[in-house]
Amino acid sequence: MREYHVALMPGDGIGHEVCPEGVKVMAAAGDLLGFRIAYETFDWGCEYYLRHGEMMPADALQRLQPFAAIYFGAVGFPTVPDHISLHGLLLPIRQAFEQYANVRPSLLLPGVPCPLRDKQPGDIDFIVVRENTEGEYAGAGGRIHRGLPLELAVETSIFTREGVERVVRFAAELAMARPRKRLVNVTKSNAQRHSMVLWDEVFERVAAEFPALTTERVLVDAMAARFVLKPESLDVMVASNLFADILTDLGSAICGSMGLAPSANINPERKYPSLFEPVHGSAPDIAGRGTANPIAAIWSAAMMLEFLGEKPAADMVMDAIRAVTSAGSVLTPDLGGRARTSEVGDEVVAQLRGLVEGAGGSIA
Ligand code: GGG
């Protein structure tokens, strides 16, 4: 039997509620399709920080390095400043493990009410590739004269030629693998005349290597409007760390819920483990109630299965998710339902089993 070793990091808040559902679904897929995932769980996050004064131990990266992948929940806790938790846990992992391509799909699933008028399932089907190791999240800067009237803070965005080139190439290859083969470069190079002009130049040079691609350059503000006005025109986009983070929250909103947005933080060279997590945060307002939508985490698990080489299982999990949203009878409150987090996970598993039985027991 094929076996994969995965680091399980639920993190904070609803991470503890949605990750078990992803684990449950992956176990069921493994039983049906002949693979097994062995987990080691790490309790790093804000509660660890409150006990130890650090979000994860000093040797965390060495301990994570041997795993095939990392399955992550969420980070953030009301009594820990967000910049401490994000810069203490997720960002060091993304940066040290060169997870430079953050793949964030937006798909309008069947049965999910769309806040945009007249949109049908499939009308929204795009992927944002977010530069994930530098840009506005590089962490370069500082504060001086704290508390004084002349207090000053500097936060410098870092854009390197190599950093831009590798993420644009990844996005171009991803777009080439999709039927429409369309790639939009999203920047703000009219205002940011140094870093984003470099980005645009690199984009043009890399895109020229892919003559079959249709490319476009759109400013990020115009792209925000296009998400709402014409999302069906979008296929693959590539954008900086901050711009893509903002756009993808909008992407999940137009697809009906933050609870439906998955992501993969990929090190394409596979030199380091990649990390899979829902886009949503720890949601302290609903944490502990058992009502968080686990679909984003389950979909992120499907992305992990595909990355591990289990594409039939990944496809089957996606079909099961579609069956659950389409039926509409077991949905969490964010989608207008009354189901609990674990009931949605159980329903995805039931649909998985149904799909295999429907195929006469042989999907591989
Ligand atoms: N599961 C993702 C998560 O916890 N996100 C919290 C957050 O603030 N993320 C910012 C980011 O992804 O850069």
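Since the structure is predicted, the reported quantities are computational estimates derived from the model, not experimental observations.

### A few points about the site of the ligand
Inspection of the region around the ligand gives 14 residues, with G73, V75, R130, P278 and H280 positioned closest. Here an oxygen atom of the ligand sits 2.8 Å away from a polar atom, N or O, in the side chain of R94. The separation between a nitrogen atom of the ligand and a polar side-chain atom of E277 is 3.0 Å. Judged by its atoms lying within 2 Å of the grid points, the ligand is housed in the second largest pocket. Mapped onto the shell around the ligand, the elements with two or more residues apiece are β3 (69-74), α4 (82-96) and β12 (274-278). Among the residues forming the shell around the ligand, the class breakdown is six nonpolar, three polar and five charged. There are two domains that each give the shell around the ligand at least three residues, and those are domain 1 (1-109 + 258-364) and domain 2 (125-254).

### Overview of the packing of aromatic side chains
For the structure on display, the rule yields seven aromatic pairs. Centroid distance Y4 to F35: 6.2 Å. Interplanar angle 65°. Geometry classified as edge-to-face. Of this pair, Y4 sits in strand β1 (residues 2-11) while F35 sits in strand β2 (residues 35-41), placing them 31 residues apart in sequence. Comparing Y4 with F35, the two get one shared label, buried. Aromatic side chains F276 and F307 sit 5.5 Å apart centroid to centroid with 55° between the ring planes, which places their arrangement in the tilted category. Of the two residues, F276 sits in strand β12 while F307 sits in helix α9 (residues 295-308), which places them 31 residues apart along the sequence.

### Considering the layout of surface pockets
Roughly 830 Å³ of volume is contained in the largest pocket. For the largest pocket, the lining is made up of 30 residues, of which P105, I127, L174, M303 and E306 are closest to its centre. In terms of residues, the lining of the largest pocket owes the most to one element, helix α10 (residues 311-327), which gives six residues. Broken down by class, the residue content of the lining of the largest pocket amounts to 19 nonpolar, one polar and 10 charged.

### Let's talk about the domain arrangement of the protein chain
Per the domain assignment, the segments of the protein chain are domain 1 (1-109 + 258-364) and domain 2 (125-254). For domain 1 versus domain 2, the separation of C-alpha centres amounts to 24 Å. Each partner contributes residues to the interface: domain 1 has 22 residues there, and domain 2 has 21 residues. Each partner contributes to the roughly 1800 Å² buried at the junction of domain 1 and domain 2, and carbon and sulfur atoms together form 56% of this total. It is Y100, R104 and S106 in domain 1 that bury the most area against domain 2; as a group they hold 37% of the surface buried on that side. Taken together, the connections running from domain 1 to domain 2 amount to two salt bridges. R104 is paired through a salt bridge with D245; the nearest N and O atoms lie 3.0 Å apart. Breaking the side of domain 1 that touches domain 2 down by element, the ones donating at least two residues are α4, β4 (101-107) and β11 (262-266). Counted by class, the side of domain 1 that touches domain 2 contains 13 nonpolar, six polar and three charged residues.

### Things to note about helix α5 (residues 161-176)
Its 16 residues give α5 an end-to-end C-alpha distance of 22 Å, which sits within 8% of 22 Å, the value for a rise of 1.5 Å per residue. Looking at α5, one finds that the buried residues are G163, V164, R166, V167, V168, F170, A171, A172 and A175. Tucked inside the fold, the buried residues of α5 contact β4, β5 (125-131), β8 (182-187), α6 (195-207), β10 (236-239) and β11.

### Here's the deal with the sheet that holds β10
Paired through backbone hydrogen bonds, the strands of a sheet run either parallel or antiparallel to each other. The 10 strands lie next to each other as β2-β1-β3-β12-β11-β4-β5-β10-β8-β9, forming an open sheet whose pairing is mixed. Either end of the sheet is taken by a strand with one partner, and the two such strands are β2 and β9 (214-219). The mean inter-strand angle of the sheet, taken between neighbouring strand axes irrespective of direction, is 25°. On the sheet, α6 packs against β5, β8, β9 and β10 and is oriented at approximately 165° with respect to β8. Across the face of the sheet, α9 comes into contact with β1, β2, β3, β4, β11 and β12 while running at roughly 160° to β12.

### Some details on the packing of helix α7 (residues 220-229) against helix α8 (residues 241-254)
Remark: α7 packs on α8, axes separated minimally by 10 Å, with the N-to-C direction vectors making an angle of 10°. The angle between α7 and α8 places the two elements in the roughly parallel class. Between α7 and α8, the residues in contact are V220, M223, A224, F227 and V228 and F243, L247, L250, G251 and I254, respectively. Class assignment of the residues belonging to the contact of α7 with α8 gives a composition of nine nonpolar, one polar and no charged.

### Regarding the pairing of β10
Walk down a regular strand and you will see the side chains alternate between the two sheet faces. Of the two faces of β10, the one lined by V236 and V238 and the one lined by M237 and A239 are each fully buried. Sheet topology places β5 next to β10; four bridges connect them, and they run parallel. Paired with R130 across the two strands is A239, which belongs to β10. Here four bridges tie β8 to β10, and the two strands are oriented parallel to one another. Note on β10: the bridge partner recorded for L183 is V236.

### Overview of α6
Its 13 residues place the ends of α6 18 Å apart at the C-alpha level, agreeing with the 18 Å of an ideal helix rising 1.5 Å per residue. Every buried residue of α6 is accounted for by M196, L198, W199, D200, V202, F203, V206 and A207.

Here is what the cut-offs are and how they apply
- Residues numbered from 1 in each chain as written.
- Predicted model: local features only at pLDDT ≥ 70, side-chain atom pairs only at ≥ 80, totals over all residues.
- Heavy atoms only, no water.
- Near = heavy atom within 4 Å.
- Polar contact = N/O pair within 3.5 Å; in protein donor to acceptor, adjacent residues only side chain to side chain.
- 1 Å grid on protein atoms, 1.4 Å probe; cavity = no way out; pocket = protein on both sides within 12 Å on 5 of 7 lines; lining within 4 Å.
- Sits in = over half its atoms within 2 Å of the grid points.
- Helix = DSSP H or I, 4+ residues; strand = E, 2+ residues; numbered from the N terminus.
- Nonpolar A, V, L, I, M, F, W, Y, C, P; charged D, E, K, R; others polar.
- Domains from an automatic or database assignment.
- Phe/Tyr/Trp six-rings, centres within 6.5 Å; stacked < 30°, edge-to-face > 60°.
- Buried < 20%, exposed > 50% of the residue type's maximum accessible area, 1.4 Å probe, protein only.
- Points joined across faces, edges and corners; volume = space filled by probe spheres on them.
- Contact = heavy atoms within 4.5 Å.
- Buried area = accessible area lost by both parts, 1.4 Å probe.
- Salt bridge = Lys/Arg side-chain N within 4 Å of Asp/Glu carboxyl O.
- Expected span 1.5 Å × (residues − 1).
- Pairing = 2+ DSSP bridges.
- Axes fitted to C-alpha atoms, helices over the stretch in contact; angles between N-to-C directions.
- Parallel < 35°, antiparallel > 145°, perpendicular 65-115°, else oblique.

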